[in-house]
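This is what each chain is made of:
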Amino acid sequence: MNSAKANILAKLKMQLPAATDAALPAEPAAAPEVRSPAQNVEQFVRLLTDNHAEVMRIKRAEIAASVKTLLQQRDINQLMCGSGWVDALQEIEGEISLNTFYPSIDGNKDTLFNSVPAAITGSRCAIAATGSIVLWPDASEPRSLSLVPPLHIVVVEQSAIYNDFGELIRKQRWSEQLPTNAVLISGPSKTADIQQTLAYGAHGPRELVVLLVE
Amino acid sequence: MNTRANTIATDGSKYEASARQFRGNVARDLANPQLRENFRGAMDYLTDKRRQAFPSEDELETLRRKCQLIKQRCLLKLPELLEQLESKLEQNGIQVHWAETTAEANTIIAELIQRKNGTKVVKGKSMVSEETALNDHLQAQGIECLETDMGEYIVQMAGEHPSHIIMPAIHQNKSQVADLFAHNIPGFDYTTDVDTLIRTGRQALRDKFCHADVGVTGVNFAVAETGTLCLVENEGNGRMVSTVPEMHIAITGIEKVVELLDDVPPLLSLLTRSATGQIISTYFNMITHPRREGEKDGPKEVHLVLLDNGRSQAFADEELRQTLQCIRCGACMNHCPVYTRIGGHAYGTVYPGPIGKIVSPHMLGLEATKDLPTASSLCGACGEVCPVKIPIPKILLRLRKESVKAKGEPLVVKGQGCNRKPLEAGIWKLWSRLNTSPVIYAIAMWLASRGRWLTPAKAGAWTRVRTLPKPARRPLRELVKQREQRREGQ
Ligand code: SF4
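Small disclaimer: the values here were computed from a predicted structure and weren't measured. (Residues numbered from 1 in each chain as written. Chains lettered and ligands numbered in written order. Predicted model: local features only at pLDDT ≥ 70, side-chain atom pairs only at ≥ 80, totals over all residues. Heavy atoms only, no water.)

**Thoughts on the pairing of strand β7 (residues 247–253) of chain B**
Residues and elements named next belong to chain B. The element β7 is largely enclosed, with a buried count of 7 among its 7 residues. Neither face of β7 is exposed, since M247, I249, I251 and G253 on one face and H248, A250 and T252 on the opposite face are all buried. With 4 bridges connecting them, strand β4 (residues 214–217) and β7 associate as parallel partners. Bridging across to β7, V214 finds its partner in M247. Summarising the sheet, β7 and strand β10 (residues 301–307) pair through 7 bridges and their orientation is parallel. Residue pairing in the sheet places G253 in a bridge with L307 of β10. (Buried < 20%, exposed > 50% of the residue type's maximum accessible area, 1.4 Å probe, protein only. Helix = DSSP H or I, 4+ residues; strand = E, 2+ residues; numbered from the N terminus. Pairing = 2+ DSSP bridges.)

**Here's the deal with the domain arrangement of chain B**
The domains assigned to chain B are domain 1 (9–172 + 213–313) and domain 2 (422–489). Look at where the C-alpha atoms of domain 1 of chain B and domain 2 of chain B centre, and you get two points 53 Å apart. (Domains from an automatic or database assignment.)

**A word on the pattern of salt bridges**
Inspection of every chain in the model, using the stated rule, returns 44 salt bridges over all chains. Residue A:R60 pairs with A:E157 through a salt bridge whose shortest N-O separation is 2.6 Å. Highlighted residues: A:R60 in the loop between β1 (54–58) and α3 (63–73) and A:E157 in strand β7 (residues 151–157), separated in sequence by 97 residues. Classification of A:E157 by relative accessible area gives partly exposed; the value is 27%. B:D29 is paired through a salt bridge with B:R28; the nearest N and O atoms lie 2.7 Å apart. (Salt bridge = Lys/Arg side-chain N within 4 Å of Asp/Glu carboxyl O.)

**Digging into helix α1 (residues 3–14) of chain A**
The end-to-end C-alpha distance of α1(A), which contains 12 residues, comes to 16 Å, matching closely the 16 Å that a straight helix rising 1.5 Å per residue would cover. Within α1(A) the residues assigned to the buried category are A:A4, A:K5, A:I8, A:L9 and A:L12. Buried residues along α1(A) cover an arc of 120° about the axis, so they all sit on one side. Looking at α1(A), the residues exposed on the side facing more than 90 degrees away from the buried face are A:S3 and A:M14. Close packing links the buried residues of α1(A) with α6 (78–92), β1 (94–99), α7 (102–115) and α15 (311–315) of chain B. (Expected span 1.5 Å × (residues − 1). Arc of directions from axis to C-beta. Contact = heavy atoms within 4.5 Å.)

**Describing the sheet that holds strand β6 (residues 228–233) of chain B**
On the basis of which strands lie adjacent, the open sheet formed by 8 strands has the order β8(A)-β5(A)-β6(A)-β9(A)-β9(B)-β6(B)-β5(B)-β8(B) and mixed pairing. Among the strands making up the open sheet, the edge pair consists of β8 (161–162) of chain A together with β8 (257–258) of chain B.

Next comes the structure, spelled out in structure tokens:
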């Protein structure tokens, strides 16, 4: 054991001879807001929209077409995606050039930062209370997809909207199985660091488009 | 604005020196109307946002109580939680380093970077790295260390330090930022349009993320149960820094560990709502492993540096220990009438405002910071808004007491007794003697009332802004007695 560790722990332990957390009063349970699934969807959409994300409510069969439309509206003709999306987006291949992520980010950072205008990812689930989308990036859908390109399109299943973060963690037993990186996204990147004036696209995506699938 | 930077020396003890200059700093910054206007505007904005984020008083109170108890539980178990955190992190492949002092932390980080032959470091927001003055340390070794949070980027460019723990550049307005960019960014087309200013920063920094060797961040919560480092942010720079470079080094104070993953949602909710009035930040980033076999991005190495820097001293005393409950939301400074007027730099410490006044004495010693606990009207606003219910006003009083403690009493705070003056101590001794003996008290009151014409017009600093009270013509006891006699006579 290195000496800094030993010293710090020794100092802390010396000072806590008899103290125990058993003496603390019970922690009150915060009453969760009760919402029906429909209300959850409504709240999720409202909060994200308030936070400057664009939410499109679509049917599963409409994913590819919606992606094409929203890219064309922005004059974008290429899209990066995880390997799992290639089949689903095949029908737009002609007009939009689809690229999957590199074998590795190493050596490809320059093109990722400078030549990828848009990316699409799926999501694990979502949270109504805060209007958040939950991503568990993995080998097929790397973390920088939802971070580096200026436009992030994310597909969210309406049936996967949880009431709040606490409920989600418990129901999905996160404490037993966290991935390399889990991330909650609640809008496009933003900052109010200059004179409290909100500006979007600080470092991450300037635009977040949510395709909410019924 | 550069005069401010100049008052802060660049050696390791820089904050000790600048904290000593508190009184001078206050006079300087109070005389700057632009600065006061910037702070007033920002504080009004933040207090208003916070108010809107807590529509239900009941819900707020329940949540505060819950989070207070969560933090107290975690602190009571701190030694075992730190060990659990370390073993979980190491199981996950994240290496843990311990540092008692800021110098140790800096050495650890510099060695990690040098081992990778790194020369370019990008940094996410980390107040703990401000504590250690990491930027200065790395720069001295020829390592570029660039702040990437927009506010921090501005502050670093100006050669300053953050004036607020959440909004570091709050002391500057947009025209000051525009001037700064015009001086420092080649090709910048002068404008005060905030969108353009941010886009300018974004452009400059994207290139830096792309080519950095190492990313450094702070940590908002370190979860012992799972070995997870949680980062709260809006800009995405924290994610960049912890995703793109091959090595990620996180640094945090030992008090940031929480026991359970379940503890995180309530703390997160209170943190963002208290800080900026957001129900959640744009990103909540949970890091549990370095890049795994087969994954295509993410850092290959992740390190956590756990820093003590005086925290274990605060830990010793039950009352002072509450200082460590802090989740660094900044609400106490936003609501502080003193902070709003003097601004964040006057304190001369890394952490300004009410939390700075109670935590800095542990980091720098009470001797260097003895003026800070006295710079409070004890209005109680900080304690009322603190999401984890730290009784800041009480702790301020306690530190005032510690600062005038007699020699030879058991050591609680490094530098205790530093403000003790023999004359003052003598006067108080006399005072207590006088007030505990009825006979002496009566005589003294009789003398004071008869000798009231002897009261001087001036009494040092006290009468600079006040008039000295004169004793009454007759002491209360005499008046009451007279009244009783009159009644009886009637
Ligand atoms: S002392 Fe309380 S209010 Fe101040 S920063 Fe810490 S948690 Fe926030």
